[in-house]
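Chain by chain, the residues:
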Amino acid sequence: VDAGRPVAKVGFCPGSGMSCWPEALAEGCDTYLTGDIRYHQACDARAAGLNLIDLGHFGTEAPALADFAAEFAGRFTQLRITAFAARDIFIPA
């Protein structure tokens, strides 16, 4: 969603983070990246002057899983920690 503002400060919330767009705007962001952007939310954000980029729900969460698993495995050595291995169901195999 192009709200017509140049990109200088970007906010980001993984997953379905569109409910947080007002906070991104309040923090001075001109652009917000998240997943699962809905039509009416996008219209409201655009009217408020916030550019939006929808990276998809899976695409915003999956890249961090291996790093989180490694971090937790280092902190909780008595547990077996594994990252969920999946693929984006909206991209053909």
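Per-chain numbering applies: the sequence of each chain, read as written, is numbered from 1 onward. Given that this is a predicted model, residues contribute local features only at a pLDDT of at least 70 and side-chain atom pairs are listed and counted only at 80 or more, while totals for whole chains, interfaces and linings are drawn from all residues. With hydrogens and water stripped out, all remaining heavy atoms of the structure feed into the side-chain values.

Caption draft 1: Broad picture of the sheet that holds strand β2 (residues 31–34). A strand pair is defined by DSSP finding two or more bridges across the two strands. Strands are runs of DSSP state E lasting at least two residues, helices are runs of H or I lasting at least four, and both sets are numbered from the N terminus onward. With respect to topology, three strands assemble into an open sheet ordered β1-β2-β3, the strand pairing being parallel. Of all strands in the sheet, those bounded by a partner on one side alone are β1 (10–12) and β3 (51–54). The mean angle between the axes of side-by-side strands here comes to 20°, regardless of whether they run parallel or antiparallel. Alignment of β2 against β3, held across four bridges, turns out to be parallel. Pairing of L33 across the sheet is with I53, part of β3. All axes here are fitted lines through C-alpha atoms, helices being fitted over the stretch that makes contact, and every angle between N-to-C directions spans 0 to 180 degrees.

Caption draft 2: View of the packing of aromatic side chains. The rule is short: rings of Phe, Tyr and Trp, with Trp giving its six-membered ring, pair when the centres are within 6.5 Å, and they are stacked under 30 degrees, edge-to-face over 60, tilted in between. If you walk through the whole model with that rule in mind, you get two aromatic pairs. An angle of 25° between the planes, with centres 6.4 Å apart, marks the rings of F68 and F72 as stacked. Of the two residues, F68 and F72 are both situated in helix α3 (residues 57–75); the distance of four residues between them amounts to about one turn of the helix. A simple rule labels every residue: compare its accessible area, found with a 1.4 Å probe on the protein chains alone, to the largest value its type can have, and call it buried under 20%, exposed over 50%, or partly exposed in between. A relative accessible area of 48% places F68 in the partly exposed class. The partly exposed category is assigned to F72, whose relative accessible area is 40%. For the ring pair F72 and F76, a centre distance of 6.4 Å and an interplane angle of 45° mean the geometry is tilted. Ring-pair connections join several aromatic residues into one group, and the members of that group are F68, F72 and F76.

Caption draft 3: Quick peek at the side chain of D30. Of note, D30 is situated in the loop between α1 (21–26) and β2. Buried within the structure, D30 lacks any salt-bridge partner; R5 is the closest side chain of opposite charge, at an N-O distance of 4.7 Å. In this structure the side chain of D30 is engaged in a polar contact, spanning 2.8 Å, whose partner is the side chain of T31. When sequence neighbours within four positions are dropped, the list of residues in contact with D30 reads R5, P6, V7, A8, K9, G49, L50 and N51. We count Lys and Arg on the positive side and Asp and Glu on the negative side, and we leave His and both chain ends out. The term salt bridge refers to a pairing of a side-chain nitrogen on Lys or Arg with a carboxyl oxygen on Asp or Glu at a separation within 4 Å. Think of a polar contact as two N or O atoms within 3.5 Å of one another; within protein, one of them needs to be a possible hydrogen donor and the other a possible acceptor, and neighboring residues in sequence only count if both atoms come from side chains. Contact definition: two residues touch when any of their heavy atoms are within 4.5 Å.

Caption draft 4: Representation of the pairing of β2 within the structure. On β2, burial covers both faces: T31 and L33 on one face and Y32 and T34 on the other are all buried. As paired strands, β1 and β2 are joined by three bridges and run parallel to one another. Bridge pairing in β2 links G11 to Y32.

Caption draft 5: The side chain of N51, seen in detail. Structurally, the position occupied by N51 is in strand β3. When its relative accessible area of 5% is taken as the criterion, N51 is described as buried.

Caption draft 6: Broad picture of the environment of R38. Position of R38 relative to the elements: it lies in the loop between β2 and α2 (39–47). Through-space distance from the C-alpha of R38 to that of S16 is 9.7 Å; in sequence the pair is 22 residues apart.

Note that all results are geometric; they support no functional claim without further evidence.
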